[in-house]
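Chain and residue survey
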2 protein chains.
Amino acid sequence: MNDYKQTLNSYFEKVNSRLDELLKFSPSEFGVVCEAMRYSVENGGKRIRPVLVLESCRICGGDIESAVDVACALEMIHTYSLIHDDLPCMDNDDLRRGKPSCHVKFGEEYALLAGDALLTYAFETLSKANISDDKKVRAIACLSSNAGFGGMVGGQVIDLKSEGKEISYDTLRLMHSLKTGALIRCAAQLGCICAGASDEQTKALTEYANYLGYAFQAVDDILDVVGNQDILGKPIGSDAESGKTTYVTLFGVEKAKQIAKELTDKAVGSISSFENNRFLVTLANELTTRKY
Amino acid sequence: MNDYKQTLNSYFEKVNSRLDELLKFSPSEFGVVCEAMRYSVENGGKRIRPVLVLESCRICGGDIESAVDVACALEMIHTYSLIHDDLPCMDNDDLRRGKPSCHVKFGEEYALLAGDALLTYAFETLSKANISDDKKVRAIACLSSNAGFGGMVGGQVIDLKSEGKEISYDTLRLMHSLKTGALIRCAAQLGCICAGASDEQTKALTEYANYLGYAFQAVDDILDVVGNQDILGKPIGSDAESGKTTYVTLFGVEKAKQIAKELTDKAVGSISSFENNRFLVTLANELTTRKY
């Protein structure tokens with residue numbers, strides 16, 4: 001457990017300090033959009049996606065340093081999606097992790113542009129990462145296909161279309177698989193690309209990430225009902241209020257907890273063939289027993 | 001002139017039919033966003049940027065076919081920027097080329113996502129284009145840096161900040177250089193990358209594109225005052241109404257016309273070293289004597 005925390009902190013540190021460098025812009029006529037980009041990236045959460053990039057790279061025998069820029073690019077994509085998700089025409093959220101969301105702080109037009117600029121900058125960052133051209137192209141293909149209409153954006157569309165409606169478990173799974181799952185699977189795959197992993201390694205880590213994503217979502221749904229507002233940093237009960245279909249509305253809290261546990265076990269099972277998989281095992285268990 | 005039109009039509013045809021293929025999606029749960037992407041790309045204008053990619057590639061001795069996907073990716077970026085520009089929190093335009101703009105047709109949330117998806121798809125398209133990995137990486141670096149905070153998005157910020165204010169000629173030039181100029185210069189550079197052009201060729205074509213962009217903008221400003229609404233497909237006088245600083249407000253119509261002519265001559269002068277530069281010479285002259 002101490003090893004886990006140490007490794008987690010070192011990944012966190014690497015990603016945050018590189019993001020800090022990448023988002024240090026010189027003053028300019030258009031500084032407000034740079035400030036907004038920086039504001040939202042710095043208001044970071046658990047950095048699960050970049051952590052998963054780095055650890056997937058390491059566990060496949062790659063050099064973590066070569067994966068740091070790739071991890072940062074993925075986090076930029078995640079952050080842009082949160083900025084646009086919070087906009088009035090989408091979820092209309094005034095708060096993000098306890099701080100004013102980007103459009104509340106900078107205005108809607110600059111939040112829109114900051115999201116666009118972050119999305120664009122993610123690909124600029126990948127094009128300049130410290131890996132071979134071949135790996136860059138594969139990383140860009142992986143990130144773009146998972147972030148676009150057939151991935152994350154597609155999931156957002158299903159989410160929008162499901163608003164206020166009861167949806168089936170299949171639709172819920174498809175939505176999660178795209179809206180949050182696509183970038184989490186992508187994280188594992190990006191790490192594999194950086195490391196030059198084998199197809200079997202990539203398959204196993206993608207499966208791990210896939211179950212991890214579902215489990216993460218189930219826990220989110222549970223915490224929205226039984227969580228502690230102060231620890232979570234956001235009000236509970238918002239899902240019920242908006243009439244969202246969740247693991248809890250479909251199965252109740254206890255069954256949802258059981259499903260989350262099963263999904264976590266499946267995630268862990270997927271990586272049984274890796275030696276030194278302790279970090280990923282602990283990560284899965286930590287994420288699904290978390291209180292926030 | 002007939003040669004010019006023939007070539008222009010063949011470029012137009014190549015780009016449109018490839019865009020059509022690239023945007024043919026299978027039916028899905030998230031089809032509405034694909035439909036919105038397609039709607040906006042199909043409501044195409046002059047396709048100046050892709051045409052410039054193809055001709056820059058040809059004039060540097062490259063194979064045009066290898067540049068078609070790159071040209072389409074650039075047009076996707078241009079189209080996403082129009083979709084987001086038309087949104088209520090930006091220019092709030094209900095019409096785009098005489099048709100309902102994307103958010104009027106599909107709703108604000110889907111227009112936002114269609115823009116995001118097109119921006120993302122542009123990079124996916126580049127990552128799969130029929131050129132070497134080395135060229136793909138250079139094309140992605142070129143497109144992302146010109147489309148992002150230091151290019152087109154930066155120009156949009158200056159435009160927003162200038163709203164309803166009189167700005168200096170220097171600021172106007174900087175705004176044009178970024179907001180529209182960056183993608184036009186990028187078009188020339190992308191063609192050069194596909195062709196494996198020399199540094200001198202790239203420099204000359206970038207200069208051409210740079211002047212062409214300014215001239216194009218000056219003509220736009222003039223047409224907004226003296227144009228024919230029916231031919232233009234949009235109301236005239238909108239610049240004056242919104243208190244925008246333009247070439248006309250700064251210099252008056254006659255002087256603005258003279259500046260447009262000078263900029264066109266400079267564009268043409270930049271490519272004097274190319275044999276067979278007739279197409280680009282005619283393109284510059286056509287764009288600046290256009291009535292729409």
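Because the structure is predicted, anything quoted here is derived from the model rather than measured.

**Details of the environment of A:Glu163**
Of note, A:Glu163 is situated in the loop between helix H8 (152–162) and helix H9 (169–179). For A:Glu163 and A:Gly243, which are 80 residues apart along the polypeptide, the C-alpha to C-alpha distance reads 7.5 Å.

**Section: the side chain of B:His103**
If you trace the backbone, B:His103 turns up in helix H5 (residues 102–106). Once you skip the residues sitting within four places of it in the chain, B:His103 turns out to touch B:Asp86, B:Leu87, B:Pro88, B:Asn92, B:Asp93, B:Asp94, B:Glu108 and B:Ala111.

**As for the nonpolar core**
By size, the foremost hydrophobic cluster in this structure holds 212 residues, and its most contacted members are A:Ile77 and B:Ile77. B:Ile77 has contacts with B:Leu119, B:Ala122, B:Phe123, B:Leu143, B:Ala147, B:Met152 and B:Leu183, leaving out every residue within four places of it along the chain.

**Description of the packing of helix H6 (residues 108–127) of chain A against helix H7 (residues 133–147) of chain B**
It is at 8 Å that the axes of H6(A) and H7(B) come closest, and there the two elements cross at 145°. Here the hand of the crossing between H6(A) and H7(B) comes out left-handed. Residue-level contacts link A:Thr120, A:Phe123, A:Glu124 and A:Ser127 of H6(A) to B:Val137, B:Ile140, B:Ala141, B:Ser144, B:Ser145 and B:Ala147 of H7(B). Classifying every residue of the contact of H6(A) with H7(B) gives five nonpolar, four polar and one charged.

**What about the side chain of B:Arg49?**
Residues and elements named next belong to chain B. Along the chain, the position of Arg49 falls in helix H3 (residues 48–59). At 5.1 Å, Glu75 is the nearest oppositely charged side chain to Arg49, a buried residue that forms no salt bridge. In this structure Arg49 touches Leu74, Glu75, His78, Leu183, Ile184 and Ala187, once residues within four positions along its chain are discounted.

**A look at the packing of H7(B) against helix H10 (residues 181–195) of chain B**
Residues and elements named next belong to chain B. Following both chains from N to C, one finds H7 and H10 inclined at 175°, their axes separated by 9 Å at the closest point. Regarding the angle of H7 to H10, the classification is roughly antiparallel. Between H7, through Lys135, Arg138, Ala139, Cys142, Leu143, Asn146 and Ala147, and H10, the contact on the second element is made entirely by Ala182, Leu183, Cys186, Gln189, Leu190, Ile193, Cys194 and Ala195.

**Here's the deal with the state of the cysteines**
All names here are of chain A. Under the definition given, this model contains zero disulfides over all chains. Cys57 takes part in no disulfide bond, and the closest cysteine sulfur to it belongs to Cys194, at a distance of 5.4 Å. The class for Cys57 is buried, based on a relative accessible area of 0%. Sulfur of Cys192: no disulfide; nearest cysteine sulfur belongs to Cys60 and is 4.1 Å away.

The rules we used
Residues numbered from 1 in each chain as written. Chains lettered and ligands numbered in written order. Predicted model: local features only at pLDDT ≥ 70, side-chain atom pairs only at ≥ 80, totals over all residues. Heavy atoms only, no water. Helix = DSSP H or I, 4+ residues; strand = E, 2+ residues; numbered from the N terminus. Contact = heavy atoms within 4.5 Å. Core = buried A, V, L, I, M, F, W, Y, C linked by side-chain atoms within 4.5 Å. Buried < 20%, exposed > 50% of the residue type's maximum accessible area, 1.4 Å probe, protein only. Axes fitted to C-alpha atoms, helices over the stretch in contact; angles between N-to-C directions. Left-handed = near helix turned anticlockwise from the far one by under 90°. Nonpolar A, V, L, I, M, F, W, Y, C, P; charged D, E, K, R; others polar. Lys, Arg positive; Asp, Glu negative; His and termini not counted. Salt bridge = Lys/Arg side-chain N within 4 Å of Asp/Glu carboxyl O. Parallel < 35°, antiparallel > 145°, perpendicular 65-115°, else oblique. Disulfide = S-S within 2.5 Å.

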